[in-house]
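Observations on chain architecture
As a plain string of letters, each chain reads:
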There are 2 protein chains.
Amino acid sequence: MTYEALFEQILTKRSYLCVGLDTDIKKIPSHLLKEQDPIFAFNKQIIDATAEYCVSYKPNIAFYEALGAKGWESLQKTIEYIPKSHFTIADAKRGDIGNTSGLYARTFFDPKSSGLDFDAVTVAPYMGSDSVLPFLEFEEKWVILLALTSNAGSSDFQRLKTENGALFEEVLRISQTWAGADRMIYVVGATQTQDIAHIRTIAPAHFLLVPGVGAQGGNLEEVSRFGMNKSCGLLVNASRSIIYAGNGVDFALHAGLEAKKLQEEMSVYLDKYLTA
Amino acid sequence: MTYEALFEQILTKRSYLCVGLDTDIKKIPSHLLKEQDPIFAFNKQIIDATAEYCVSYKPNIAFYEALGAKGWESLQKTIEYIPKSHFTIADAKRGDIGNTSGLYARTFFDPKSSGLDFDAVTVAPYMGSDSVLPFLEFEEKWVILLALTSNAGSSDFQRLKTENGALFEEVLRISQTWAGADRMIYVVGATQTQDIAHIRTIAPAHFLLVPGVGAQGGNLEEVSRFGMNKSCGLLVNASRSIIYAGNGVDFALHAGLEAKKLQEEMSVYLDKYLTA
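Heads up: these notes are all about the structure in this document. Note that the structure is predicted; figures quoted are calculated from it, not measured. (Residues numbered from 1 in each chain as written. Chains lettered and ligands numbered in written order. Predicted model: local features only at pLDDT ≥ 70, side-chain atom pairs only at ≥ 80, totals over all residues. Heavy atoms only, no water.)

**Things to note about the environment of Gly71 of chain A**
All names here are of chain A. Within the element layout of this structure, Gly71 appears in helix H4 (residues 69-81). The class of Gly71 is buried, set by a relative accessible area of 1%. Linking Gly71 and Asp37, residues 34 residues apart in sequence, is a C-alpha distance of 9.1 Å. (Helix = DSSP H or I, 4+ residues; strand = E, 2+ residues; numbered from the N terminus. Buried < 20%, exposed > 50% of the residue type's maximum accessible area, 1.4 Å probe, protein only.)

**Here's the deal with the interface of chain B and chain A**
Contact with chain B, which involves 57 residues of that partner, is made by 57 residues of chain A. Of the roughly 5,000 Å² buried at the junction of chain B and chain A (both faces included), carbon and sulfur atoms supply 59%. Considering only the side of chain B, the residues that lose the most area to chain A are Glu65, Tyr126 and Phe157 of chain B, jointly responsible for 17% of the buried surface there. Applying the counting criterion to the chain B and chain A interface returns 4 salt bridges. Note that Lys93 of chain B and Asp96 of chain A form a salt bridge whose closest N and O atoms lie 2.9 Å from each other. At the surface where chain B touches chain A, the tally comes to 30 residue pairs in polar contact (both at pLDDT 80 or more). In terms of residue count, helix H5 (residues 98-109) of chain B provides more of the side of chain B that touches chain A than any other element does, 7 residues in total. When the residues that make up the side of chain B that touches chain A are grouped by side-chain class, the tally is 25 nonpolar, 18 polar and 14 charged. (Contact = heavy atoms within 4.5 Å. Buried area = accessible area lost by both parts, 1.4 Å probe. Salt bridge = Lys/Arg side-chain N within 4 Å of Asp/Glu carboxyl O. Polar contact = N/O pair within 3.5 Å; in protein donor to acceptor, adjacent residues only side chain to side chain. Nonpolar A, V, L, I, M, F, W, Y, C, P; charged D, E, K, R; others polar.)

**What to know about the packing of helix H10 (residues 193-202) of chain B against helix H11 (residues 220-227) of chain B**
Residue and element names in this part refer to chain B. Where H10 meets H11, the closest approach of the two axes is 8 Å, and the angle between their N-to-C directions is 15 degrees. If you check the angle between H10 and H11, you find them roughly parallel. When the axes of H10 and H11 are compared, the crossing they make is right-handed. Listed contacts from H11 to Thr193, Ile196, Ala197 and Arg200 of H10 are Glu222, Val223, Phe226 and Gly227. Among the residues making up the contact of H10 with H11, the classes are represented as 4 nonpolar, 2 polar and 2 charged. (Axes fitted to C-alpha atoms, helices over the stretch in contact; angles between N-to-C directions. Parallel < 35°, antiparallel > 145°, perpendicular 65-115°, else oblique. Left-handed = near helix turned anticlockwise from the far one by under 90°.)

**Points about the relation of the copies chain B and chain A**
You can overlay chain B on chain A at an RMSD of 0.0 Å; the transform is a turn of 180 degrees with a shift of 0.0 Å along its axis. Seen this way, the second copy is the image of the first under a two-fold rotation axis. When the interface residues of chain B are mapped onto chain A, 100% of them again lie at the interface, so the same face is used by both copies. (Least-squares fit on C-alpha atoms with pLDDT ≥ 70 in both.)

**A short note on the sheet that holds strand S4 (residues 120-123) of chain B**
Taken in spatial order, the 8 strands close into a barrel running S1-S2-S3-S4-S5-S8-S9-S10 (chain B), and their pairing is parallel. Sheet twist, expressed as the mean angle between neighbouring strand axes with direction ignored, is 30 degrees. (Pairing = 2+ DSSP bridges.)

As far as function goes, none of this settles anything; it's purely spatial.
Okay, structure coming up:
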């Protein structure tokens, strides 16, 4: 999906919501456990109920691979089921030396290899340029690079002072020499709203993937005020607050209502903060 | 496996060799392609031929997951087949916020969840303490943290100057407050031999996992001279130079000979450099 197509979806849906499919076999409603593939059965209903309110889905790969080969099959069925209009993100935090990153790229971008065909994959920056570039060899596919994450441990290294500012600022600056806003997105935690305005000065045109709204306690209004640019430039993720909104046979109904609530809030902020 | 047990294996085998199972369906001998599971058929013969010369096996997870659910099954069979005397490393470069890292830990350490039961997993440090600690909640399991990697891009961020030295030095220092040498190992690329002596002053007791000997051009003699401590403290990995040493029906024989050559060299260095 192109940068322009993503923005168009946002304007059409009046939403920049990404639904995180952190599907945990221990948390899904018990009536689904008798299904042949409970994880996919859950995701299918969540997707049906939320697709009109979001522009993106982000399966958290850990939840699937923790189940081994079976989990991988559920992931494959899920990604095939998501409508093509939605931007799909493999939240995998991969990154390795060149030829190995090339294989991770095949994993998530080449359906002939793995069965999976995501639009984007999250990548950790520690190993540098040649760990990231192999993902960009796939046309129209995106890298979502970790910049400033929402967890407490993010201050251990990401905020260390270097000669040119904090490490996360160096990641933002150096990685822009590898790809432009049309192929790269940055992960910026919503618990750090005071940083979002600052990050916008370093990366004015890029989309930011903002996890941590909802269960992790981020504030959607502030994220939107400080983070939005003229192409919206935001994908705001909510996972647990949507997918576990209900726990009965009508769980998907509750998930849909929760997604709708966020979409309606986003619609207001698009009117208010989308810069001309 | 404990620190002491690992050292004992090294003394028994007179080897600190780790064989990297970077098994690529495009590179294995063609006669194996008619097997029901060519990847496992290849690994099985490699393990049979090299087990007496090495103390560790390190499947590179990218090679398996690039094949989707099928690859995951080959990985599971491989890990079950490796003798219990060998230290097994999932080279996965994972790392995420706490609850997600917990799932990655289940993936590689909890056979009831995923079918896999590794001794150790490689982890990227960028997200900090709470991305690493969940792996340490599994008893007798190890974290192998990226410190200074062997690829060209390692200088993009790992060598950035911070207030207390380069980033990789900060990673070495800060992470030692999370776990001791009995549970943590550091990845140090062999192409940076001049750094190994320096890293030894920061982490004197830790095992170092040194990839990059062989195909990547590192020098085993120098790595051993500068890196060895009184418990050996080294696991030196070779992947392609061993597993692709031959390409005919006798490929495993060539792999065994290559592993034996490295083991014999290591035996000399153990006599020469193992500090009293």
